[in-house]
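For reference, the chains in residue letters:
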Amino acid sequence: MTSSAYSALIPVAKRPGQLFVKGQGSYLFDDTNKGYLDLVQGWAVNTLGHSPLVMQEALARQAATLVNASPGFYNGPMVELANTLVKHSVFDQVFFASSGAEANEGAIKLARRWGQKHKNGAFKIITFEGGFHGRTLACMSACGKPAFEALFEPKVPGFIKVPFNDLAAVAAAMDDATVAVMLEPIQGEAGVVEASCDFLQGLAALCQAQNALLIFDEVQTGIGRTGKLFAYEHHGIKPHIMTLAKGLGGGVPLSAMLIDNAVSCFEYGDQGGTFSGNPLMCAVGQAMVEAVTAPGFLAGVNARSQQLKAGLGLLSAKYGLGEVRGQGLLLALNTGMLDASALVEKAMALGLFINAPRANTLRFMPALNISEAEVAEALGLLDKLFSQ
Ligand SMILES: *Cc1c(COP(=O)(O)O)cnc(C)c1O
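What counts, and where the lines are drawn
- Residues numbered from 1 in each chain as written.
- Predicted model: local features only at pLDDT ≥ 70, side-chain atom pairs only at ≥ 80, totals over all residues.
- Heavy atoms only, no water.
- Helix = DSSP H or I, 4+ residues; strand = E, 2+ residues; numbered from the N terminus.
- Buried < 20%, exposed > 50% of the residue type's maximum accessible area, 1.4 Å probe, protein only.
- Phe/Tyr/Trp six-rings, centres within 6.5 Å; stacked < 30°, edge-to-face > 60°.
- Lys NZ or Arg CZ within 6 Å of the ring centre and 35° of its normal.
- Near = heavy atom within 4 Å.
- Polar contact = N/O pair within 3.5 Å; in protein donor to acceptor, adjacent residues only side chain to side chain.
- Areas by Shrake-Rupley, 256 points an atom, 1.4 Å probe, with all protein chains shown as cover.
- Nonpolar A, V, L, I, M, F, W, Y, C, P; charged D, E, K, R; others polar.
- Pairing = 2+ DSSP bridges.
- Contact = heavy atoms within 4.5 Å.
- Axes fitted to C-alpha atoms, helices over the stretch in contact; angles between N-to-C directions.
- Patch = residues over 30% accessible without salt bridge, like charges linked within 9 Å, V, L, I, M, F, W, Y side chains within 5 Å.
- Salt bridge = Lys/Arg side-chain N within 4 Å of Asp/Glu carboxyl O.
- Parallel < 35°, antiparallel > 145°, perpendicular 65-115°, else oblique.
- Left-handed = near helix turned anticlockwise from the far one by under 90°.
- Domains from an automatic or database assignment.
- Buried area = accessible area lost by both parts, 1.4 Å probe.

1. Some details on the environment of L9
Next up, step 1: If you trace the backbone, L9 turns up in the segment before β1 (20-24).
Next up, step 2: The exposure class assigned to L9 is exposed, which follows from its relative accessible area of 53%.

Okay, here's the thing in structure tokens:
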């Protein structure tokens, strides 16, 4: 295929020129059969790496059985995955969709519906500077990404943005019209910025006191990414609503909104979607959650996390770079004076995929089952990269 064929696609992102044809575990291959050690994994999506056997089997089995009954009917994988998620979390009910933005859109709608029914029409949602929640118009309105500020005006009103990790600012922004606080426990797109435990516990208490809902966007942090199945578990708190996507499908389009019974208030017709609870996708989601909750799996994530974190720390010291941040296998390295985007391009030439969410930040989000040898290989390639 010639690169001129690419012009049939609406250009919405700066993509490298290679054409990718195959993925296997931690490696992605282009059409010249060059292999790349992939620490991006579809943007923290491929929980078990590229095309894991359990996914192939779930897809083949379900494709031969039932691909789409109708969103208006129950189907086996939809019911099974909902029950699995409820069993492994503090939530009671699940709504499935196809993307993170769609799940967040559902959370925003549910909160507003709850406000209509239970809080005098309260509708405002407090969100955070640096936050990322997706690219529907309401989600872009909820984002705290400066580059989105001037886009697609007028945006959806009702989102109040405050500084991250600033409990006093949240308290000051709250009023009778506030229905919810929505945040990522670790801001991924902002460059792996962690909410402190104190802040999250304070938020939970504040929401409780003010009769506001706490919404955790765990689209990036959920499904084992931070070393626990869900990031809220690190902090001993219970959000009212949580959204999942990326790692839930392990590579296929699947997302979910999980809620506490107490906030369940949609009327028939308020929420839905043609692909909601699609059996083909839910069968894959079930395989992912089973893999991540299998005995010993999260211990492996934490071991690889320590290995990668320690290795990045050594490289940072060796080359005079900045801090290593993050939890589990959602890690970042501050590159100091080095331009992170240029490093990403040079790494690609070395056969390594990494990501630069900010001008001076590299992000690492490998498959959760990356091997010890593969982490060592990645650190070796990074050493070579920084020495250039
Ligand atoms: C990726 C992401 C989204 C958006 O998910 P899509 O599937 O791209 O719509 C929302 N929130 C967070 C925290 C994300 O990382």
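From this point on, the discussion continues.
2. Quick notes on the packing of aromatic side chains
Next up, step 1: Tallied over the entire structure, the rule returns ten aromatic pairs.
Next up, step 2: Consider the rings of F91 and Y232, whose centres lie 5.8 Å apart with planes at 85 degrees: the pair is edge-to-face. Separated by 141 residues along the polypeptide, F91 in the loop between α3 (76-87) and β4 (93-97) and Y232 in the loop between β10 (213-217) and β11 (241-244) bring together distant segments of the chain.
Next up, step 3: F91 sits in the buried class, given a relative accessible area of 2%.
Next up, step 4: When the centroid spacing of 5.8 Å and the interplanar angle of 75 degrees are considered together, the rings of F128 and F164 count as edge-to-face. Highlighted residues: F128 in strand β5 (residues 124-128) and F164 in the loop between β6 (159-162) and α6 (167-173), separated in sequence by 36 residues. The residues F128 and F164 share a single accessibility class, namely buried.
Next up, step 5: Positioned above the aromatic ring of F29, the side-chain terminus of K22 is 5.1 Å from the ring centre.

3. Quick look at the site of the ligand
Next up, step 1: In the vicinity of the ligand, the contacting residues are S99, G100, A101, N104, F132, H133, G134, E184, D217, V219, Q220 and K246.
Next up, step 2: A distance of 2.8 Å is found between an oxygen atom of the ligand and a backbone nitrogen or oxygen belonging to G100.
Next up, step 3: At 2.7 Å from an oxygen atom of the ligand is found a main-chain nitrogen or oxygen belonging to A101.
Next up, step 4: In the complex, the protein chains occlude 82% of the 380 Å² of accessible area that the ligand would expose alone.
Next up, step 5: It is helix α4 (residues 100-118) that contributes the most residues to the shell around the ligand, three residues altogether.
Next up, step 6: Along the lines of polarity and charge, the residues of the shell around the ligand split into three nonpolar, six polar and three charged.

4. Some words on the sheet that holds strand β2 (residues 27-30)
Next up, step 1: Reading across the sheet, the four strands line up as β1-β2-β3-β15 and stay open at both edges, with mixed pairing between neighbours. In this open sheet, the two strands that pair with only one neighbour each are β1 and β15 (352-353).
Next up, step 2: Where strand β3 (residues 35-38) and β15 come together, two bridges link them in parallel fashion. Directly across from L37, in β15, lies its bridge partner L352.
Next up, step 3: Sitting on the sheet, helix α12 (residues 372-387) is in contact with β2, β3 and β15, with an inclination near 105 degrees to β3.

5. Some thoughts on a nonpolar patch on the surface
Next up, step 1: Taken together, L137, L151 and F152 make up a surface patch of nonpolar side chains, about 270 Å² in accessible area.
Next up, step 2: Within the secondary structure, F152 sits in the loop between α5 (137-142) and β6.

6. Details of the pairing of strand β16 (residues 355-358)
Next up, step 1: Where β16 and strand β17 (residues 361-364) come together, two bridges link them in antiparallel fashion. Looking at β17, one finds that N355 is bridged to R363.
Next up, step 2: Between the end of β16 and the start of β17, which pair antiparallel, lie two residues.

7. Some remarks on the packing of helix α10 (residues 297-319) against α12
Any two packed helices are characterised by how steeply their axes cross, that is the angle between the axes, and by the distance between the axes.
Next up, step 1: Relative to each other, α10 and α12 sit at 15 degrees, their axes nearing to 10 Å. Taken together, the axis directions place α10 and α12 in an arrangement best described as roughly parallel. Considering how the two elements wind past one another, α10 and α12 form a crossing that is right-handed. The segment α10 lies against α12, with R304, Q307, L308, G311, L312, L315, K318 and Y319 engaging E372, V375, A376, L379, L382, D383, F386 and S387.
Next up, step 2: Counted by class, the contact of α10 with α12 contains nine nonpolar, three polar and four charged residues.

8. Notes on the domain arrangement of the protein
Next up, step 1: Domain annotation of the protein identifies domain 1 (3-52 + 297-387) and domain 2 (54-292).
Next up, step 2: Between the C-alpha centres of domain 1 and domain 2 there is a distance of 26 Å.
Next up, step 3: On the domain 2 side, the residues contacting the 27 residues of domain 1 number 28 residues.
Next up, step 4: When the two sides are added together, the surface that domain 1 and domain 2 hide from each other amounts to roughly 2,400 Å², 56% of it contributed by carbon and sulfur.

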